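Structural description and commentary
Listed here are the chains, written in short residue letters.
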Amino acid sequence: MNQLEKATAEYQQFTRQIQSIIISTVNSEGMPNGSYTPFVMDEFKNIYIYVSGLSTHTQNLNANPNASVLFIEDEAKTPQIFARRRLSYDCSATLIERETEEWKKIVDQFQTRFGEIIQMLRSLADFRIFQLIPHNGRFVIGFGAAYHISGDNLDKLVQIGK
């Protein structure tokens, strides 16, 4: 297995090891905000977040649908803090209409992944589901091992600098 094949295999498994993402959003005045949220992901790499309407990132997504998300290796598990494994995507957000079949399917996925807390959140009218659709990204495994991801095939890595 060559280096690109190893990186691709690691990329395919990376998000399964992580339960929450760091999300960067921008408000209507252009002020950025960083936050985090648990997520579920589908087979097309669409990311779904279940968030309170009172949170800053939800208000920002309502005003500006552009977001960046970051999946990052736990500090306690990284051998080198300057070279933490990480995956980022630039995304556009779409609100999933509450109580539709799609919404119910995604809430069920949250319930399966995160347990009973979702039953309580489901009863809160201010909670919303956004679909974050990735357009491009970057997967970094370590020093000299960074890969660009873009286009219709988000499974294809292209090494940066080669």
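In this report, the structure presented in the accompanying data block is examined. The structure presented is a predicted model; accordingly, all values stated were derived computationally and were not measured. (Residues numbered from 1 in each chain as written. Predicted model: local features only at pLDDT ≥ 70, side-chain atom pairs only at ≥ 80, totals over all residues. Heavy atoms only, no water.)

1. Quick look at the overall build of the protein
Of regular secondary structure, the protein possesses four helices and eight strands. Taken against the 2.2 N^0.38 rule, which gives 15 Å for 162 residues, the C-alpha radius of gyration of the protein at 16 Å falls within 12% of a compact globule. Dimensions of the protein, computed from C-alpha atoms along their principal axes, come out at roughly 50 × 35 × 35 Å. The buried share of the protein, reckoned over its 162 residues, is 40%. Excluding contacts between residues fewer than 6 apart, the proportion of contacts in the protein whose partners are at least 24 apart in sequence is 62%. Accessible surface, the protein as shown: approximately 9,200 Å² in total, 52% of it carbon and sulfur. Each charge sign in the protein was given a centre, from 16 positive and 18 negative side chains, and these centres are 6 Å apart. (Helix = DSSP H or I, 4+ residues; strand = E, 2+ residues; numbered from the N terminus. Rg over C-alpha atoms; globule rule 2.2 N^0.38 Å. Buried < 20%, exposed > 50% of the residue type's maximum accessible area, 1.4 Å probe, protein only. Contact = heavy atoms within 4.5 Å. Areas by Shrake-Rupley, 256 points an atom, 1.4 Å probe, with all protein chains shown as cover. Lys, Arg positive; Asp, Glu negative; His and termini not counted. Charge placed at Lys NZ, Arg CZ, Asp CG, Glu CD.)

2. Details of the nonpolar core
Counting 26 residues, the largest nonpolar core has Ile47, Ile49, Val69, Phe71, Tyr89 and Leu132 as its most contacted members. Broken down by secondary-structure element, the contributors of at least two residues to this core are helix 1 (3-14), strand 1 (20-26), strand 3 (47-52), strand 4 (66-72), strand 5 (86-96), strand 6 (127-142) and strand 7 (145-150). When residues of this core are assigned to their parent elements, the largest contribution, four residues, is made by strand 5. The residues contacting Tyr89, other than those within four sequence positions of it, are Tyr11, Met41, Lys45, Ile47, Ala67, Ser68, Val69, Phe71, Pro134, Asn136, Gly137 and Ile149. Val40, Ile96, Val107 and Ile129 belong to the second largest nonpolar core, which has 12 residues in total. (Core = buried A, V, L, I, M, F, W, Y, C linked by side-chain atoms within 4.5 Å.)

3. Re the packing of aromatic side chains
Per the counting criterion, the structure on display carries eight aromatic pairs. Seen from their ring centres, Tyr11 and Phe139 are 5.5 Å apart, and the 55° between their planes marks the pair as tilted. Within this pair, whereas Tyr11 is found in helix 1, its partner Phe139 is found in strand 6, the two being separated by 128 residues in sequence. Through successive ring pairs, a cluster of aromatic residues spans Tyr50, Trp103, Phe110, Phe114 and Phe127. A cation sits over an aromatic face here: Arg113 above Phe39, 4.7 Å from the ring centre. (Phe/Tyr/Trp six-rings, centres within 6.5 Å; stacked < 30°, edge-to-face > 60°. Lys NZ or Arg CZ within 6 Å of the ring centre and 35° of its normal.)

4. Examining the pairing of strand 2 (residues 32-41)
Across seven bridges, strand 1 lies against strand 2 in antiparallel orientation. What sits directly across from Ile21, in strand 2, is Thr37. Taking the residues that link successive antiparallel strands as the turn, the strand 1-strand 2 hairpin has five residues, and the phi of Gly30 there is positive, at about 90°. The sheet contact formed by strand 2 and strand 3 spans three bridges and is antiparallel. Residue pairing across strands places Met41 opposite Ile47, the latter belonging to strand 3. (Pairing = 2+ DSSP bridges.)

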